Amino acid sequence: MIVESYSEMFQRVNSKDEGAFIPFIVAGDPDFETSLEIVKTYVENGADALEIGFAFSDPVADGPTVQEADIRALNSGITTAKGFEFIRKIRKFTSIPIGLLVYYNLIYQMGIDEFYETAHECGVNAILAADLPPEEAQDAVDASRKYGVEQIFMVAQTTSNERLQKISKMCKGFLYVVAVMGVTGARKDLKLSTVELVERVKNHSNLPIVVGFGISKPEHVKNVIKSGSDGSIVASALLDIITENLKDKKMMLDKISIFCSDLKAATRNKYK
Amino acid sequence: MISDGKFGKYGGIFVPELLIPALEELERAFLKYKDDKKFNQELDYYLKEFAGRPTALYYAKNLSEKLGCKIYLKREDMLHTGAHKINNTLGQGLLAKYMGKKRIVAETGAGQHGIATAVVGSLLGIPVEVYMGLEDVERQKLNVFRMELSGAHVLPVKTGSRTLKDAINDAFRDWVATVDSTHYLIGSTMGPHPYPTMVKHFQSVIGRETRDEILEKEGKLPDAVIACVGGGSNAMGIFSGFIDDKEVELIGVEGGGDGVDTDRTGATLCKGTEGILHGSFSFVLQNYDGQISEAHSVSAGLDYPGVGPEHAYLKVIGRTNYEAITNIEALEGFELLSKYEGIIPALESSHAVAYAVKYAKMPENKGKTIVINLSGRGDKDMFLAAREMGVDV
Ligand SMILES: Cc1ncc(COP(=O)(O)O)c(C=O)c1O
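What you see is a predicted model; the values in this text were computed from it and never measured.

Each value, and the rule that gives it
- Residues numbered from 1 in each chain as written.
- Chains lettered and ligands numbered in written order.
- Predicted model: local features only at pLDDT ≥ 70, side-chain atom pairs only at ≥ 80, totals over all residues.
- Heavy atoms only, no water.
- Contact = heavy atoms within 4.5 Å.
- Buried area = accessible area lost by both parts, 1.4 Å probe.
- Salt bridge = Lys/Arg side-chain N within 4 Å of Asp/Glu carboxyl O.
- Polar contact = N/O pair within 3.5 Å; in protein donor to acceptor, adjacent residues only side chain to side chain.
- Nonpolar A, V, L, I, M, F, W, Y, C, P; charged D, E, K, R; others polar.
- Helix = DSSP H or I, 4+ residues; strand = E, 2+ residues; numbered from the N terminus.
- Buried < 20%, exposed > 50% of the residue type's maximum accessible area, 1.4 Å probe, protein only.
- Pairing = 2+ DSSP bridges.
- Axes fitted to C-alpha atoms, helices over the stretch in contact; angles between N-to-C directions.
- Near = heavy atom within 4 Å.
- Areas by Shrake-Rupley, 256 points an atom, 1.4 Å probe, with all protein chains shown as cover.
- Phe/Tyr/Trp six-rings, centres within 6.5 Å; stacked < 30°, edge-to-face > 60°.
- Lys NZ or Arg CZ within 6 Å of the ring centre and 35° of its normal.

Student: Account for the interface of chain B and chain A, with residues named and values stated.
Tutor: Of the residues lining the interface, 32 residues belong to chain B; the matching set on chain A comes to 37 residues. A combined buried area of about 2,800 Å² lies between chain B and chain A, and 54% of that area is made up of carbon and sulfur atoms. At the boundary of chain B with chain A, the tally comes to 3 salt bridges. Two residues, R163 of chain A and E17 of chain B, come together in a salt bridge whose shortest N-O distance is 2.7 Å. Summed over the shared surface of chain B and chain A, the number is 21 residue pairs in polar contact (both at pLDDT 80 or more). The class makeup of the residues in the side of chain B that touches chain A is 16 nonpolar, 9 polar and 7 charged.

Set out below in structure tokens:
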């Protein structure tokens, strides 16, 4: 299967006057098969790209929602090898870009080179390690270039303009803009500062930008897209649906499909 | 960052981007104040008047006679709040004050570091919140009460294994959201740069004093210095006084739990492998994929699946040795010191005592001069020790 690149994807959505809708899941949450069905539901209901997390026992950048998802996935038997198997299965039904979200110890234990090589073979477009700032990332960046996987970095409210430029040089694919001061988790309101941050990042980098953390309602998606972001990652709000419907899989998938359609709809009419 | 915070290849700053500016600010402040006259005058004042420094280097006559060695105890157990932890909380607490921070968060396992942070918060007028795993909150109710008496707020952690490593996770998460106003006061020589270096700096007072004291008492350096290792702060503190004296053997003693060859152990350096946890590259207890294991030791302070990166470095270059002492051996050390010297050690420190006994009994070590860092007193462990010994209290 020919895999769509992030830049092709951003062009595709932008040409339709849209932003990219990028839903997140932890591979293997709540179990391998259901997890795969959830990803299918994402794709059928408007996902422009996918963000797939590999579960970690100590996810310091994540709030309780993602941590619970990690624990469910680990308890259902997910491993790094099965995580890659999960990606291979996804590649059977979609060519949209896939980004991996991991903690660095998982990469390090497999072997940096082997991790990137395997990721590339499975059809992963990009990798973001939540606890790997540019200062520590040279080995990972080298491996990412070697295997043609794009290395993504985060920028946040606290990132200075100078640092933003430095990060933007190392980063490929898109810049992940952390919308909130804090960890992942659904939030009621989107702060004004998020909109300001999007503008500031746009002024200091030519990369496409995607906003994540705390984006949990269609109106949040609409706001970040309108403010100039090229896309929006939604994680905890979707995982909350999983958490709340563990006993009724049909209900879970129905709710996810409706929610995804609404989130995707909010990315439309970007320039109107 | 001014420094990369590496000890050989260990250490570093493996944290989410949001924290980088906070670590940069902390590094700047630490470098500015660590040699600042006014800062050090104030710190020395509190170390002396509030914490009770210097501590004695006590010649343990009865134990020495029994073992045929010269055994000295560095009496960190005599400090206010009962352990060496206060050296670090006074240093970092004062730094937080000089930095204008309005709030301090800390993690704690058994509660020793939490208490040492709580009293410093109360001393300096900075509100303190302490993350503590729900399991530990239930096991250590008395320490929760002590912290709250000193005005700190204890936040039970309900995620993960509900113990120290989860408390650290939550303290980091808190800090990610509050970096502007808050200082995260880490309790050991672990975490991202500058913590391992900074905590060692504030604990190195133990090593400086011990060196002077042993030279005064013996006219020569000791043959061996033995300290327990959880995250590694009391050990780094005392080792730092002797690190350049190659003839002094430095031995770190880990919590072996049920035994290093079982999966109920806290012996990270003896059993673990290289990996990344809580912001630095060091040794960790983990599975094949890199998922972090739960540690186990009878002493909560040694019950941690990671270890400070400088210990990893000292181990691989061969400057230090690390040994594990099991729960049962530690309890024997606990009883032995209480009985022979009338000094009840913390269960953590009992590991160092137990290994010192083993060491002294080796024929090649006969007559040697040994310093044990008695990192804390055993008051906090009375209920647990009594239960383990089958005594009803
Ligand atoms: C008395 C005592 N000793 C040792 C430790 C272990 O910590 P570290 O290795 O940082 O000295 C603790 C930790 O709680 C402690 O309370």
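So, next bit.
Student: How would you summarise the pattern of salt bridges if you had to cite specific residues and measurements?
Tutor: Applying the stated criterion across every chain yields a total of 40 salt bridges over all chains. Among the ionic pairs, K202 of chain A bridges to D230 of chain A, the shortest N-O distance being 2.9 Å. Placement of the pair is K202 of chain A in helix α9 (residues 192–204) and D230 of chain A in the loop between α10 (218–226) and β9 (231–234), with a sequence separation of 28 residues. Residue K202 of chain A is classed as partly exposed on the basis of its relative accessible area of 33%. With a shortest N-O distance of 2.7 Å, E76 of chain B and R53 of chain B are connected by a salt bridge. In this pair, E76 of chain B sits in the loop between β4 (70–75) and α4 (85–98) while R53 of chain B sits in the loop between α2 (37–51) and β3 (57–59), placing the two residues 23 residues apart along the sequence.

Student: I'd love a proper account of the sheet that holds strand β4 (residues 126–129) of chain A, names of residues and values included.
Tutor: Residue and element names in this part refer to chain A. Taking strand neighbours across the sheet as the criterion, the 9 strands line up as β5-β4-β3-β2-β1-β9-β8-β7-β6 in an open arrangement whose pairing is parallel. Each of the sheet's edge strands pairs with one partner strand only, and the pair in question is β5 (150–151) and β6 (154–155). When strand β1 (residues 20–26) meets strand β2 (residues 50–53), the two strands line up parallel, connected through 3 bridges. Among the inter-strand pairings, V26 is bridged to a residue of β2, identified as G53. Sheet strands touched by α10: β1, β8 (209–212) and β9. Its angle to β9, the strand with the most contacts, is close to 150 degrees. Each of β1 and β9 is contacted by helix α11 (residues 236–244), which is oriented at about 45 degrees to β1, the strand it contacts most.

Student: Explain the pairing of strand β11 (residues 273–277) of chain B to me, using residue names and the numbers behind them.
Tutor: As judged from the 5 bridges shared by β11 of chain B and strand β12 (residues 280–284) of chain B, these two strands associate in the antiparallel manner. Residue pairing across strands places T273 of chain B opposite V284 of chain B, the latter belonging to β12 of chain B.

Student: Can you tell me about the pairing of β12 of chain B, naming the residues and giving the values?
Tutor: Counting buried positions along β12 of chain B yields 5 of 5 residues, so the element is predominantly enclosed. Counted between consecutive antiparallel strands, the loop separating β11 of chain B from β12 of chain B contains 2 residues, among which H278 of chain B sits at a positive phi close to 50 degrees.

Student: Could you give an account of the site of the ligand, naming the residues involved and the relevant values?
Tutor: All names here are of chain B. Around the ligand, 17 residues are found, and the nearest of them are S188, G230, G232, S233 and S375. In this structure, an oxygen atom belonging to the ligand sits 3.1 Å away from a side-chain N or O atom of K85. Within the backbone of G230, an N or O atom sits 2.7 Å from an oxygen atom of the ligand. Computed on the free molecule, the ligand has an accessible area of 390 Å², of which 96% lies beneath the protein chains in the complex. Broken down by secondary-structure element, the contributors of at least two residues to the shell around the ligand are β9 (224–229) and α10 (233–239). Among the residues forming the shell around the ligand, the class breakdown is 4 nonpolar, 11 polar and 2 charged.

Student: With reference to specific residues and values, describe the packing of aromatic side chains.
Tutor: Within this structure, the stated rule accounts for 26 aromatic pairs over all chains. Seen from their ring centres, Y6 of chain A and F174 of chain A are 5.0 Å apart, and the 65 degrees between their planes marks the pair as edge-to-face. Residue Y6 of chain A is located in helix α1 (residues 6–15), and its partner F174 of chain A is located in the loop between α8 (161–170) and β7 (175–178); the two are separated by 168 residues in the primary sequence. Between the aromatic rings of Y10 of chain B and F283 of chain B, the centroid separation amounts to 6.0 Å while the plane-to-plane angle is 40 degrees, which identifies the pairing as tilted. Within this pair, whereas Y10 of chain B is found in strand β2 (residues 10–11), its partner F283 of chain B is found in strand β12, the two being separated by 273 residues in sequence. On the accessibility criterion, Y10 of chain B (1% relative accessible area) is buried. An aromatic cluster is built from F30, Y33, F39, Y98 and F202 of chain B, whose rings are joined through pairwise contacts. Sitting over the ring of Y58 of chain B, R75 of chain B keeps its end group 6.0 Å from the ring centre.

Student: Report on unusual backbone geometry, specifying residues and quantitative values.
Tutor: Residue and element names in this part refer to chain B. In the segment running from R53 into P54, the intervening peptide bond is cis, with an omega of -5 degrees. Topologically, P54 is positioned in the loop between α2 and β3. Here the bond from H193 into P194 is cis, since omega is 10 degrees, no more than 30 degrees from zero. Of note, H278 is a non-glycine position whose phi angle comes to about 50 degrees, a positive value. The topology assignment puts H278 in the loop between β11 and β12.

Student: Kindly report on the environment of Y116 of chain A, identifying the contributing residues and their values.
Tutor: Residues and elements named next belong to chain A. Secondary-structure assignment places Y116 in helix α6 (residues 112–122). For the pair Y116 and Q151, spaced 35 residues apart in sequence, the C-alpha to C-alpha distance is 10 Å. If near-sequence neighbours (up to four positions away) are discounted, Y116 is found in contact with I107, I127, A140, A143, S144, Y147, V149 and Q151.

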